[in-house]
Amino acid sequence: MHLDQRRAPIYEALEEFKKARIVPFDVPGHKRGRGNKELTDFLGEKCLTVDVNSMKPLDNLCHPVSVIREAELLAADAFSAAHAFFMVNGTTSAVQAMLLSTLKKGDKIILHRSVHRSVINALILCGAVPIYVNPGIHPTLGIALGMSVKDVEEAIEKNPDAKAVLMNNPTYYGICSDVKKITELAHKKGMKVLVDEAHGTHFYFGENLPVTAMAAGADMASVSMHKSGSSLTQSSFLLCGKNVNANYVRQVINLTQTTSGSYLLLSSLDLSRRNMVLNGKEKIEAVKAMTEYARQEINQIGDYYAFSKELINKDSIYDFDITKLSVNTTETGLAGIEVYDILRDEYDIQIEFGDLGNILAYVTIGDNPKNIERLIGALSEIRRRYKKDKTGMITYEYINPIVVTTPQEAFYSETESIDLEKSAGRVCSEFVMAYPPGIPILAPGERITEEIIRRILYSKEKGCTLTGPEDMKVEKVKVIKGEL
Amino acid sequence: MDLWFSEHHTKNVRLQIKVNKHLFSGESEYQRIDVFESYEFGRFLTLDGYMMLTEKDEFIYHEMITHVPMAVHPNVEKVLVIGAGDGGVIRELTRYDTIKEIDMVEIDEMVVEVCKQYLPKTACKFDDPRLRIYYQDGLKFVRKYVDTYDLIIVDSTDPFGPGEGLFTREFYGNCYKALKSDGIMVNQHESPFYDGDAMAMKRAHKRIVESFPISRVYQAHIPTYPSGHWLFGFASKKYHPVAHLRAEEWNRLGIKTKYYSTNLHKGAFYLPVYVEEMLRESE
């Protein structure tokens, strides 16, 4: 890092701005909160006084030339990127910007099936064709693995015209692919490498953690600063490597980005970047110590399996993020989603997600050992009180999607709504996913099979929230009219 | 000299005690610890500015949290005490010859050291050979035990700060597991009077009811605690706190008390109507 990382230009400008006591005859109309007392009482006056609009001393997110520009340079420096964009429409907008600035209609992109819905949404917008790499499923844990180098190699060989490769670093569960090797492979064939680092922000600031996208030479990365980086929800960074035309990327971002970028979000990104650079190393060490301790204790309870680096196989599990506290619950006879619900409903503990066989507790620089003890204590109690026979439980198995047409074409086709249970053989025109973690069971343009229908019904029965379809109860599903 | 200690009991109510001397002030890993000497209440201990005990009224709390379960359970040999860094509960427990082992789990070693030095009236039995002290998180300690204790006394601070984990369902459930099949758990149960305390009280009660087959609440009058009206929880796997009271047996032990008696024991479980209603609501 070359710049003075103690600076936080957006935050500093807002502090100056407050002192100047400027009379507001601009938007927002709450005028520093005075027009909305209830909201001000709820959120606090300090918060409302900096909920302001773009103006000369505060720069403009759509076309940054002063303090936002400086903050972008500091962020790029902090992440060892050639350019960093402040994103205020969520990491979803960063993912969309990556895809929309790299792909055009009909272009192919090689990707892992367990991508976030935002990736497939971006494909609907740009009309690109997904080439899925079988992610492989861990035989006992039932979780999707990373991309194996061999599978990517094969996909590249079969699709030499593909324009890009997209990976997660890490997956929700903490699994990393060999980002460096895959990047080299893709670059050799002139493909761009895009990395969804929604769950990897801390890799840039801690020690002995998996390699970051930027360090591995990737072209673009979307980084959820609001997750392990602790900025406000919806704030995020988009990072670009040296071979990316940042000015073009900005144009793409501006296609869909708000013209009233929130200064609450912008300043939270600025301060979080500073905090992570200045204090991240030490704080992430504490996080690692907490998760290592928790894993050890949870594994002593019995039946639970809090997994970690022992899974590494140097290929589809190239590395593991030990700050993720992922626990397999299968041996307790409880689905992960059941443990997830009991933790919240009976123990007042909200974890990140539960799927069919696992739960994930997100542990960050905001946690303390006291709460870790509560989580361990509650898991121990849940096993004592609810443990049951595990027969009849199904774990997640990968269902190879049959892509019949592009997500964009399917989404905009003539469609009809039919009963889910009678939909086998038809081509779906919408998403079906279990949320969380929001990985599609069906994406637009894919053929529905009996196996997929069974999966959806089982997820429903176990209490997963199913989202995507127009029919909120997911009894009906929209399919493309006619034979395909 | 006009030096006053004051503590907010609600945003709009406070208790003030005139102080003669500030004897100790220190910051541990967990909290700020102070000891004062006052004209009216003798010495008193505060944690993070909250009153924990005064020499003048501590006997009420310590007698009520100890002798109530001891007069019900016929054969207490192994006791777990969570918190209790001031030593008051230990002092009362050591009066029973039948008790063979006392495990005390206090998160903050500095509290014990400060009490030994400044509050000898409560911290007077830390050298009892039956006592073992563990300096660690109570929630963590109790998690490791199954079918081990006859009695668990939860002498916690309020449900915010270091004591927070001791008001949770996972803690009460772990206590249930650590108790023998006829075990009893008694806990500091907050107050029903001011809204904030009452919320915590109801929440704790709900969590205990979910964890134990028998769960009753009893009361005492403690002048320096918010509103003076304080509650204790009696949770049990087998014994009912009043139906199984062994009054004669207990009286034969000849333990001299200032507040507790077997008559008062029965009365303490008869609660004001508004408290009964609150408890019913949370059950």
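Cut-offs applied
Residues numbered from 1 in each chain as written. Chains lettered and ligands numbered in written order. Predicted model: local features only at pLDDT ≥ 70, side-chain atom pairs only at ≥ 80, totals over all residues. Helix = DSSP H or I, 4+ residues; strand = E, 2+ residues; numbered from the N terminus. Rg over C-alpha atoms; globule rule 2.2 N^0.38 Å. Buried ≥ 20, exposed ≤ 12 C-beta atoms within 10 Å, placed from the backbone. Contact = placed C-beta atoms within 7 Å. Core = buried A, V, L, I, M, F, W, Y, C linked by C-beta atoms within 7 Å. Pairing = 2+ DSSP bridges. Domains from an automatic or database assignment. Nonpolar A, V, L, I, M, F, W, Y, C, P; charged D, E, K, R; others polar.

This part covers the overall build of chain A. Along its length, chain A carries 14 helices and 18 strands. Its C-alpha radius of gyration of 23 Å places chain A within 12% of the 23 Å reference for a compact globule of 484 residues. For chain A, the spread of C-alpha atoms along the principal axes amounts to about 65 × 50 × 45 Å. Here chain A holds 484 residues, and 52% of them are scored as buried. Nonlocal contacts in chain A, meaning residues at least 24 apart in sequence, comprise 70% of its contacts between residues at least 6 apart.

A separate point is the overall build of chain B. A tally of helices and strands in chain B yields 9 helices and 12 strands. Since a compact globule built from 283 residues should have a radius of gyration of about 19 Å, the 18 Å found for chain B is in line with a globular shape. Taken along the three principal axes of its C-alpha coordinates, chain B extends 55 × 45 × 35 Å. Residues classed as buried in chain B amount to 47% of the 283 residues present. Sequence separation of 24 or more characterises 67% of the internal contacts of chain B that already satisfy a separation of 6 or more.

This next bit is on the nonpolar core. Judged by nonpolar contacts, the single largest core of 144 residues is most densely connected at Phe79, Phe86, Leu99, Val165, Phe237 and Leu239 of chain A. The dominant element in this core, judged by the number of residues it contributes, is helix H10 (residues 263-301) of chain A, at 10 residues. When neighbours within four sequence positions are excluded, Phe86 of chain A is seen to be in contact with Leu61, Ile68, Ala71, Glu72, Phe237, Leu266 and Leu269 of chain A. Among the nonpolar cores identified, the runner-up in size contains 71 residues, and Val72, Cys115, Leu151 and Tyr176 of chain B belong to it.

Bringing the pairing of strand E8 (residues 236-240) of chain A into the picture now. Residue and element names in this part refer to chain A. E8 sits mainly inside the fold: 5 of its 5 residues count as buried. Neither face of E8 is left uncovered, since the one carrying Ser236, Leu238 and Cys240 and the one carrying Phe237 and Leu239 both have all their residues buried. Here strand E1 (residues 83-87) runs beside E8; their pairing, made up of 5 bridges, is antiparallel. Its bridge partner lying in E8, Phe85 is registered against Leu238.

A few words on the domain arrangement of chain B. Residue and element names in this part refer to chain B. For chain B, the assigned domains are domain 1 (3-53) and domain 2 (58-282). For domain 1 and domain 2, the distance between their C-alpha centres works out to 23 Å. Listed by partner, the interface residues are 20 residues for domain 1 and 23 residues for domain 2. Breaking the side of domain 1 that touches domain 2 down by element, the ones donating at least two residues are strand E1 (3-10), strand E2 (13-27), strand E3 (32-38), strand E4 (42-47) and strand E5 (50-54). Partitioning the side of domain 1 that touches domain 2 into residue classes produces 13 nonpolar, 5 polar and 2 charged.

Here the focus is the pairing of strand E11 (residues 324-328) of chain A. Residue and element names in this part refer to chain A. Across the 5 residues of E11, 5 count as buried, placing the element largely inside the fold. Both faces of E11 are covered, namely the face carrying Lys324, Ser326 and Asn328 and the face carrying Leu325 and Val327. Alignment of strand E9 (residues 305-306) against E11, held across 2 bridges, turns out to be antiparallel. Across the sheet, the residue bridging to Ala306 is Val327, located in E11. The sheet contact formed by E11 and strand E13 (residues 358-362) spans 5 bridges and is antiparallel. The residue of E13 that forms the bridge with Leu325 is Ala361.

Turning our eyes to something else, we now look at the interface of chain B and chain A. How big an interface is tends to be stated in terms of the accessible area lost upon association of its parts. Residue-level contacts link 13 residues of chain B with 11 residues of chain A. Every element with two or more residues in the side of chain B that touches chain A is listed here: helix H4 (138-143) and helix H5 (169-178) of chain B. By residue number, the principal contributor to the side of chain B that touches chain A is H5 of chain B, which donates 6 residues. Here the residues of the side of chain B that touches chain A are counted per class, giving 2 nonpolar, 4 polar and 7 charged.

Further remarks concern the sheet that holds E9 of chain A. Taken in spatial order, the 4 strands line up as E9-E11-E13-E12 (chain A) in an open sheet, and their pairing is antiparallel. The sheet is open, and its two borders are formed by E9 and strand E12 (353-354) of chain A, each paired with just one other strand.

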